[in-house]
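What follows is each chain in one-letter form.
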Amino acid sequence: MDDGALSFAKAAPMAFPFTPAVEAQTAPVWDKVKSRITPFEWRAHAPLIAEINRLKRKKNAVILAHNYMTPEIFHGVGDYVGDSLGLAREAARCDAAVIVQAGVHFMAETSKVLAPQKRVLIPDPLAGCSLASSITAEDVRMIKARYPGVPVVTYVNTTAEVKAETDICCTSANAVQVVEAAAAQWGTDRCILIPDEFLARNVARQTGVKIIAWAGRCEVHERFNAADIRELRAAYPGAEILAHPECPAEVIEASDFTGSTAAMTEFVARRRPAQVVMITECSMASNVQADSPETEFIGPCNLCPHMKRITLQNIYEALVHDRYEVVVDPAIIDRAAAAVQRMIDLPPPAQPARYDLVKARHHVDVEML
Ligand code: 13P
Ligand code: SF4
């Protein structure tokens, strides 16, 4: 099933009619998404898009939409779209009273931590993440006791309680930069980078800092392997293969480019390749294709079941009923905010970080916790 069909199934029942006024108002969005969404799906989506955009204005709300949202959300109602780092920066910066997080729960918590005075809503509170659920605050306390004096860098794909126990956060867009900054500041050659084992292994190949890792995995990216990439390369010899650093190192080794979701978007926008394979969540290709119609995007289509819990229908309901509000204990907020803010305060990279492929092909050991 493609990502558009899945979101259509969840968008039913249609609450508003597809009038000529709705059609005219949503025409620019339709122009972008019509290669990925069928006309009968659009007749269900367009009235909800118009209604959500009306409610946003009425309630002084913004929608922060991750790159893995389906195209009708990403292009139709997202006020700010991007990767985890971009969404976190925008949560802190925007002056709306309400943030609706079109993403997963850890992203909504990050917004709340950075903007505690704002009401942060998540359309489905069950939108989790296999990385966030792989580690607890108690685990981090145990790690710190075992490695005194070694900085703890935590991927943003974690709960606020876990962030509160750590020294500095990172995303896939800045993990190498953060690890090197933390090691320098702590005056050490080692760094704990948790909870994504594959991100940690990929970062270890990019830096001289020794990495101590946790065995968390992204359930979407761990499914790719080197044989998949070889097969794709044989079938599409001219295609550029772009991979997310949550993939196993053997996948990164075999790919042409590795970076955060924003870095992949930027690669396509800048290089305009004729054919691209995105080794990441399925909707990403749909969203980038809408802005790069001359590039042909080739499967695979791994869906993140957590991201796919967010639909136009539950975004609409979130705005109508002011639900589901994300609440974080104020004592946790202050400590988690400090870890996220240390990351945000680092100078922004000149461009979204890419992983050097020559370095990526040299094995470096990590110490597993
Ligand atoms: P990015 O930070 O690259 O957007 O990734 C977030 C995520 O959840 C990837 O699976
Ligand atoms: Fe978590 Fe992976 Fe889904 Fe991203 S794609 S939210 S890392 S499970």
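Criteria and thresholds
- Residues numbered from 1 in each chain as written.
- Chains lettered and ligands numbered in written order.
- Predicted model: local features only at pLDDT ≥ 70, side-chain atom pairs only at ≥ 80, totals over all residues.
- Helix = DSSP H or I, 4+ residues; strand = E, 2+ residues; numbered from the N terminus.
- Rg over C-alpha atoms; globule rule 2.2 N^0.38 Å.
- Buried ≥ 20, exposed ≤ 12 C-beta atoms within 10 Å, placed from the backbone.
- Contact = placed C-beta atoms within 7 Å.
- Near = placed C-beta within 6 Å.
- Nonpolar A, V, L, I, M, F, W, Y, C, P; charged D, E, K, R; others polar.
- Axes fitted to C-alpha atoms, helices over the stretch in contact; angles between N-to-C directions.
- Parallel < 35°, antiparallel > 145°, perpendicular 65-115°, else oblique.
- Left-handed = near helix turned anticlockwise from the far one by under 90°.
- Domains from an automatic or database assignment.
- Pairing = 2+ DSSP bridges.

Before going further, it helps to spend a moment on the overall build of the protein chain. For the protein chain, the helix and strand inventory stands at 18 helices and 13 strands. The C-alpha radius of gyration computed for the protein chain amounts to 20 Å, which stays within 12% of the reference 21 Å derived for 369 residues, consistent with globular compactness. The dimensions of the protein chain, computed from C-alpha atoms along their principal axes, are 65 × 55 × 30 Å. Counting every position in the protein chain, which comprises 369 residues, the buried fraction comes to 54%. Pairs at least 24 residues apart make up 70% of the contacts formed inside the protein chain by residues separated by at least 6 positions.

Close to ligand 2 lie 13 residues; Cys129, Ser130, Cys218, Val220 and Cys304 are nearest. Taken together, the residues of the shell around ligand 2 sort by class into seven nonpolar, three polar and three charged.

Bringing the site of ligand 1 into the picture now. Close to ligand 1 lie Asn67, Asp83, Ser84, Asn157, Thr171, Ser172, Ala173, Cys218, Glu246, Ser260 and Thr261, which account for all nearby residues. Its residues assigned to classes, the shell around ligand 1 shows two nonpolar, seven polar and two charged.

Moving on, we get to helix H16 (residues 312-321). Counting buried positions along H16 yields seven of ten residues, so the element is predominantly enclosed. Taken as a whole, H16 has its buried residues at Leu312, Gln313, Asn314, Ile315, Tyr316, Ala318 and Leu319. Phi turns positive, to about 55°, at Asp322, one or two residues after H16.

Now for the packing of helix H4 (residues 39-59) against H16. It is at 10 Å that the axes of H4 and H16 come closest, and there the two elements cross at 25°. As the angle between them shows, H4 and H16 are arranged roughly parallel. Seen along the crossing, H4 lies across H16 with a hand that is left-handed. Contacts between H4 and H16 involve His45, Leu48, Ile49, Glu51, Ile52, Leu55, Lys56 and Lys59 from the former and Leu312, Gln313, Ile315, Tyr316, Leu319 and Val320 from the latter. Tallied by class, residues from the contact of H4 with H16 come to nine nonpolar, two polar and three charged.

To continue, consider the packing of helix H14 (residues 261-271) against helix H15 (residues 282-291). Interhelical geometry of H14 versus H15 gives an angle of 35° and a closest axis separation of 10 Å. Considering the relative orientation of H14 and H15, their crossing is right-handed. Along its contact with H14, which presents Thr261, Met264, Thr265, Val268 and Ala269, the element H15 presents Met284, Val288 and Asp291. Counted by class, the contact of H14 with H15 contains five nonpolar, two polar and one charged residues.

Right, let's get into the domain arrangement of the protein chain. Taken domain by domain, the protein chain consists of domain 1 (3-128 + 306-321), domain 2 (132-220 + 329-349 + 361-368) and domain 3 (221-304 + 355-359). Using only C-alpha atoms to locate each centre, domain 1 and domain 2 end up separated by 30 Å. The partner domain 2 presents 15 residues to the 13 residues of domain 1 that form the contact. For the side of domain 1 that touches domain 2, the class distribution of residues is seven nonpolar, three polar and three charged.

An order of S2-S1-S3-S4 is seen for the four strands of this open sheet, with the pairing classed as parallel. On the outer flanks of this sheet lie strand S2 (80-82) and strand S4 (119-121), each paired with one strand and no other. Taken over all neighbouring pairs, the strand axes of this sheet differ in orientation by 20° on average, direction set aside. As paired strands, strand S3 (residues 98-102) and S4 are joined by three bridges and run parallel to one another. By the bridge assignment for S4, Val100 is matched with Leu121. Against the sheet, helix H7 (residues 105-114) touches strand S1 (61-66), S3 and S4, its axis set at about 155° to S3.

Looking now at the sheet that holds strand S8 (residues 210-213). Strand order in the open sheet made by the five strands is S6-S5-S7-S8-S13, with parallel pairing throughout. Only two strands of the sheet have a single partner each, and these edge strands are strand S6 (168-170) and strand S13 (367-368). Looking at chain direction, strand S7 (residues 190-194) and S8 are connected through four bridges and run parallel. Paired with Leu193 across the two strands is Ala213, which belongs to S8. Those strands touched by helix H17 (residues 330-345) are strand S5 (152-155) and S6, and its axis lies near 60° from that of S6.

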